[in-house]
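# Architecture and fold: a report
Now for the letters of each chain:
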Amino acid sequence: ISFDGIGLHSGRPARLRILPASGEYGIWFKRMDVVGVDPMIPAAWDRVTDTRMCTLLSNEDGVSVSTVEHLMAALAGCGVRNALIEIDGPEIPIMDGSSREFVRAIRARGLRMVEGEARAIRILKTVEVIDGDRVARLEPGEGFSIDFDIDFAEAAIGRQHASIDLTEGAFERELSDCRTFCRAYEVEALRKMGLAQGGGLHNAVVVDGAAVLNPEGLRRPDEFVRHKALDAVGDLYLAGAPIIGRYIGAKGGHEMNNRILR
């Protein structure tokens, strides 16, 4: 499956291909544009080296790929356990700011069963990270579910809560179309930091106080908290296998999602 797009933060165009892989291969990224160093980067929690605004993975040679969370969420939601992802740039294309286009393409192409054991990680006792008013917690449970809370001063966002059982294809129905978001005053600051170079109303929801600046508005009334849950699905898939349990997040993001895995 091939995709062309630009990176949200780098603004650089990239072509991405998802290729089939053998059983127990796992998920790997391959940077097609680097030479003389190892181009392979495993989709693994201990390869996360930056969580500012996105999740970035690096290998031992310093080769990296960023903004992996929306694609990882799509792979998790569609049940893809083995794949080689080739990319000719440093950042996964942002597409429309959600996982929807990745999910649709995977569903259209279909999955193939391969030989090998299908492992999962079952949460046997509660694991928790608390940092001020930020919380990340994994609890025992059947299947996989997410509870997420956010609280923003902007009236367009405010306090939102989502509780979603992510079994039986629910990711596609409940989360996959929910877009990344930012506040209008953040845009210029992010660009001065070298981030959000490819961002715009076509691939992110932008809010200014009580106003949503996107002409089409929101896709769901609680799209903001659902996108945070989408990010968590992708970040948690870096555990290396599906999680059987319940994830609870409060005012967290990529950093807290990775800290709970660590």
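Residues numbered from 1 in each chain as written. Predicted model: local features only at pLDDT ≥ 70, side-chain atom pairs only at ≥ 80, totals over all residues. Heavy atoms only, no water.

Attention now goes to the environment of Met40. Along the chain, Met40 falls in strand S4 (residues 40-42). For the pair Met40 and Phe29, spaced 11 residues apart in sequence, the C-alpha separation works out to 5.8 Å. In this view, Met40 contacts Tyr25, Trp28, Phe29, Lys30, Asn59 and Leu84; residues no more than four positions away in its chain are not counted. (Helix = DSSP H or I, 4+ residues; strand = E, 2+ residues; numbered from the N terminus. Contact = heavy atoms within 4.5 Å.)

Within this structure, the stated rule accounts for 27 salt bridges. For Asp177, the salt bridge identified is with Arg220, shortest N-O distance 3.0 Å. Here Asp177, found in the loop between helix H3 (170-174) and strand S14 (181-183), pairs with Arg220, found in the loop between strand S16 (211-212) and helix H5 (223-236); they are 43 residues apart in sequence, far enough to count as distant. Each of the salt bridges in this network shares a partner with another, and the network as a whole consists of Glu128, Arg137, Glu139, Asp147 and Arg246. (Salt bridge = Lys/Arg side-chain N within 4 Å of Asp/Glu carboxyl O.)

Moving on: the packing of aromatic side chains. As enumerated under the stated definition, the model contains 4 aromatic pairs in all. A centroid spacing of 6.5 Å and a plane angle of 55° characterise the contact between Tyr25 and Trp28, whose relative ring orientation is tilted. Given a relative accessible area of 30%, Tyr25 falls into the partly exposed group. Trp28 gets classed as partly exposed once you look at its relative accessible area, which sits at 29%. Each ring, one from Phe181 and one from Phe224, has its centre 5.0 Å from the other, and the planes form 85°; the classification is edge-to-face. Within this pair, whereas Phe181 is found in strand S14, its partner Phe224 is found in helix H5, the two being separated by 43 residues in sequence. What makes Phe224 buried here is its relative accessible area of 1%. A connected cluster of aromatic rings, assembled from ring pairs, spans Phe152, Phe181 and Phe224. (Phe/Tyr/Trp six-rings, centres within 6.5 Å; stacked < 30°, edge-to-face > 60°. Buried < 20%, exposed > 50% of the residue type's maximum accessible area, 1.4 Å probe, protein only.)

For the structure shown, the criterion picks out 0 disulfides. Its sulfur unpaired, Cys54 is 14 Å from the next cysteine sulfur, which belongs to Cys182. The exposure class assigned to Cys54 is buried, which follows from its relative accessible area of 7%. (Disulfide = S-S within 2.5 Å.)

Of all hydrophobic cores here, the largest spans 64 residues; its most connected members are Phe29 and Tyr247. For this core, the element with the most residues is H5, which contributes 7 residues. (Core = buried A, V, L, I, M, F, W, Y, C linked by side-chain atoms within 4.5 Å.)

Two numbers describe how helix H1 (residues 69-78) lies on helix H2 (residues 100-109): the axes approach to 9 Å, and their chain directions differ by 40°. In this view, H1 runs oblique relative to H2, as classed from their interaxial angle. Crossing hand, H1 versus H2: right-handed. On H2, the residues that touch His70, Leu71, Ala74, Leu75, Gly77 and Cys78 of H1 are Phe102, Val103, Ile106 and Arg107. Tallied by class, residues from the contact of H1 with H2 come to 7 nonpolar, 2 polar and 1 charged. (Axes fitted to C-alpha atoms, helices over the stretch in contact; angles between N-to-C directions. Parallel < 35°, antiparallel > 145°, perpendicular 65-115°, else oblique. Left-handed = near helix turned anticlockwise from the far one by under 90°. Nonpolar A, V, L, I, M, F, W, Y, C, P; charged D, E, K, R; others polar.)

Of note, Glu91 is situated in the loop between strand S8 (83-87) and H2. No salt bridge forms around the buried Glu91; measuring N to O, its nearest opposite-charge neighbour Arg12 is 8.0 Å away. A polar contact is formed between the side chain of Glu91 and the backbone nitrogen of Leu8, at a distance of 3.2 Å. Polar contacts involving the side chain of Glu91 include one to the main-chain amide nitrogen of His9, which spans 3.0 Å. (Lys, Arg positive; Asp, Glu negative; His and termini not counted. Polar contact = N/O pair within 3.5 Å; in protein donor to acceptor, adjacent residues only side chain to side chain.)

What the 5 strands build is an open sheet, ordered S1-S2-S8-S3-S4; its pairing is mixed. Strand pairing shows two members of the sheet lacking a second neighbour, strand S1 (2-6) and S4, which therefore form its edges. Geometrically, the sheet is characterised by an average inter-axis angle of 25° between neighbouring strands, direction not taken into account. Examined bridge by bridge, strand S3 (residues 27-31) and S8 share 5 bridges and lie parallel to one another. Of the residues in S8, the one forming a bridge with Trp28 is Leu84. (Pairing = 2+ DSSP bridges.)

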